[in-house]
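# Structure assessment
Here is how the chains run, residue by residue.
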Amino acid sequence: MNDAHDDSLLARLGQLFREADPPPADAVELARQSFGLRGLDAELAELVEDSEAATGDAAVHRQAVAVRDPGTAPQPRQLTFQVVGPHGADEVIIAVQVEAVGTRRRLTGHLAPQGPARIEVRQPAAPEARRVDADGRGLFVIDDVLPGPMSLTCRRAGAPAIATQWTLV
């Protein structure tokens, strides 16, 4: 097969899927909004650790417990985002604990290296970004976060802004 034939086949398959099983309108709208919310002027901090992404027996056990005991409060989730410098050294780490508080989320985080910063949480469901200040030790708390997709942006004096990749909380 040649590339032209492959392209033609992929185009026909794409059209078939769009007609037979189009994406939900709310998914399309969320994708559109999240694209508009991305920080073009910020470096991207990649998610390098997620406590819910565990593998092996522990993950299977955790899922089984959640199914058998829906009254148990969800465990806090640990997220670590990282921007690696050009020479392979860590530039910035944003570590966040996500806790369920009723139907909302509480984000408790710290920055490395330590220092003051302005932290913004962006969500498609929120009309505008919410801002809090990290203290001199790089600690911050953001209460009343809506469940769903979110991205954090860290702004420090004299440094480029850093935005985390979009993550479901």
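Notes on the structure follow. Being a predicted model, the structure only gives us computed values, none of them experimental. (Residues numbered from 1 in each chain as written. Predicted model: local features only at pLDDT ≥ 70, side-chain atom pairs only at ≥ 80, totals over all residues. Heavy atoms only, no water.)

## Some points on the pattern of salt bridges
Applicable threshold: Definition used for salt bridges: Asp or Glu carboxyl oxygen within 4 Å of a side-chain nitrogen of Lys or Arg. The way it works is that DSSP assigns letters per residue, a run of H or I at least four long becomes a helix, a run of E at least two long becomes a strand, and they are numbered from the N terminus. Any residue under 20% of the maximum accessible area for its type is buried, any over 50% is exposed, and the rest in between are partly exposed; the area is computed with a 1.4 Å probe on protein chains only.
Across all of its chains, the model carries eight salt bridges by this definition. Of the charged contacts in the structure, one is a salt bridge between R77 and E52, with a shortest N-O distance of 3.8 Å. Of this pair, R77 sits in strand 2 (residues 77-84) while E52 is found in the loop between strand 1 (42-50) and helix 3 (57-68), placing the two residues 25 residues apart along the sequence. The exposure class assigned to E52 is exposed, which follows from its relative accessible area of 52%. The salt bridge involving D143 is made with R106; its shortest N-O contact spans 3.0 Å. Note that D143 is positioned in strand 7 (residues 139-145) and R106 in strand 4 (residues 104-112), a separation of 37 residues in sequence. Given a relative accessible area of 39%, D143 falls into the partly exposed group. Since its relative accessible area comes to 32%, R106 is described here as partly exposed. Taken together, the shared-partner salt bridges connect D50, E52 and R77 into one network.

## Here we look at the nonpolar core
Inclusion rule: Nonpolar core, defined: a set of buried Ala, Val, Leu, Ile, Met, Phe, Trp, Tyr and Cys residues in which side-chain atoms within 4.5 Å join the residues together. Contacts are residue-level and defined by heavy atoms, with any inter-residue pair within 4.5 Å sufficient.
Core analysis: the biggest nonpolar cluster contains 23 residues, and I94, L107, L111, I119, F140, I142 and L152 have the highest contact counts within it. If you list the elements that add at least two residues to this core, you get strand 2, strand 3 (90-101), strand 4, strand 5 (117-122), strand 6 (130-134), strand 7 and strand 8 (149-155). The element contributing the most residues to this core is strand 3, with four residues. Excluding residues that lie within four positions of it along the chain, L152 makes contacts with I94, V96, L107, I119, E120, V121, I142, I162, A163 and T164.

## Brief notes about the side chain of T80
Within the secondary structure layout, T80 lies in strand 2. Other than its neighbours up to four places away in sequence, T80 contacts E46, L47, V48, E49, I93, I94 and A95.

## Examining the side chain of D50
Short version of the rule: Counted as a polar contact is a pair of N or O atoms within 3.5 Å, where, for protein atoms, one must be capable of donating a hydrogen and the other of accepting one, and residues adjacent in sequence contribute only when both atoms are in side chains.
Relative to the elements of secondary structure, D50 occurs in strand 1. Judged by relative accessible area, D50 falls into the buried class, the value being 17%. Engagement of the side chain of D50 in a polar contact is seen with the backbone nitrogen of E52, the distance being 2.9 Å. Within polar-contact distance, the side chain of D50 engages the side chain of R77 at 2.6 Å. Filtering out sequence-adjacent residues up to four positions away, D50 remains in contact with R77, Q78 and L79.

## Regarding helix 1 (residues 3-20)
Applicable threshold: For a helix, the expected span equals 1.5 Å multiplied by the residue count minus one.
When the terminal C-alpha atoms of helix 1 are compared, their 25 Å separation across 18 residues agrees well with the 26 Å that a helix rising 1.5 Å per residue should span. With zero of its 18 residues buried, helix 1 lies for the most part at the surface.

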